[in-house]
Each structure stands twice: as C-alpha cells, then as structure tokens.
Amino acid sequence: QVQLVESGGGLVQAGGSLRLSCAASGRTFSSYNMGWFRQAPGKERDLVAAISKSGASTFYADSVKGRFTISRDNARNMVYLQMNGLKPEDTAVYYCAANSQPAGMFRFTRSDYWGQGTQVTVSS
C-alpha cells in the first residue's frame, strides 16, 4: 500500500540541526497517520513524533518536545522531522512509519509500514 524511504541523517555536533525527510509512495498517502521513531544501540524503538492524516494533530515525546517539529506535505507525499538543539542522546537510527488507524491514532505496530531508517549521530 505504501513504501517509505528516509533521508537526511548524518553526523552533527551538539546544538546543531538536521531535517529528516520521509518519501512515501502509494495512492493514498493522506489516508495514513505518520510517525518518526528512533532506536539507539541496545535500546527499544520509541516513538519520537507523530502527525495525523491532515496534519491537524501532532504528538511529541517529552524528550524532544520544544526541539523537534514534525510536518507533512500531502501534495508531495512527504513527511519531515526538523530537529533543532540536538543532543548526544538523540543519536539513533530514525525510522519513518505509517498506519491506517483513524486520524490522530498514533499507534504503530510491527505490522504497519516502516522505512529502512537513517542514522543520526550527534557528537559531544
């Protein structure tokens, strides 16, 4: 139904910024809630931010609130994660995910759609 490809990761110093992009293919992109997850070595994969189908609702993990901004452009089938004030603890592989739950239902599971991930490394 949808394929996801992340880009924009890289190495950045603490305090710097990065913008991650997620390109989606498919005919019904606007029918999906979108989320950004991250997974650091030896840790679980956690939801960082999510955005509803129209972009009207968003969610942020407490650890990134005020620093990260999720957005989407349904005309371009794109989702973005603007990351400012990066910290070493933000270092992780970041994944884009899509679910077909009702709008604003930010529940993503193994059976939903996932990208391959993009590495973000923040140096101290």
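Model, not experiment: these values are computed from the prediction.

A. Representation of the environment of Gly9 within the structure. Structurally, the position occupied by Gly9 is in the loop between β1 (3-7) and β2 (10-13). C-alpha of Gly9 to C-alpha of Leu81: the two residues are 72 residues apart in sequence and 11 Å apart in space. What Gly9 contacts, discounting residues up to four positions off in sequence, is Leu20, Thr118, Gln119 and Val120.

B. Looking closely at the state of the cysteines. The tally for this structure, following the rule as stated, stands at one disulfide. Disulfide pairing places Cys22 opposite Cys96 at an S-S distance of 2.1 Å. Linking Cys22 and Cys96, the disulfide has an S-S dihedral of approximately -85 degrees and is accordingly described as left-handed. Residue Cys22 is located in strand β3 (residues 18-25), and its partner Cys96 is located in strand β9 (residues 92-99); the two are separated by 74 residues in the primary sequence. Judged by relative accessible area, Cys22 falls into the buried class, the value being 1%. A relative accessible area of 0% places Cys96 in the buried class.

C. Inspection of the sheet that holds β3 at higher detail. Reading across the sheet, the four strands line up as β1-β3-β8-β7 and stay open at both edges, with antiparallel pairing between neighbours. Strands with a single pairing partner mark the edges of an open sheet, and in this sheet they are β1 and β7 (68-73). On average, each strand axis in the sheet is tilted by 15 degrees relative to the strand beside it, whichever way the strands run. Taken together, the six bridges between β7 and strand β8 (residues 78-83) define a ladder with antiparallel strand orientation. Looking at β8, one finds that Ile70 is bridged to Leu81.

D. Examining the environment of Arg110 more closely. Note on placement: Arg110 falls in the loop between β9 and β10 (113-114). Through-space distance from the C-alpha of Arg110 to that of Asp62 is 23 Å; in sequence the pair is 48 residues apart.

Cut-off values and rules
- Residues numbered from 1 in each chain as written.
- Predicted model: local features only at pLDDT ≥ 70, side-chain atom pairs only at ≥ 80, totals over all residues.
- Heavy atoms only, no water.
- Helix = DSSP H or I, 4+ residues; strand = E, 2+ residues; numbered from the N terminus.
- Contact = heavy atoms within 4.5 Å.
- Disulfide = S-S within 2.5 Å.
- Buried < 20%, exposed > 50% of the residue type's maximum accessible area, 1.4 Å probe, protein only.
- Pairing = 2+ DSSP bridges.
- Axes fitted to C-alpha atoms, helices over the stretch in contact; angles between N-to-C directions.

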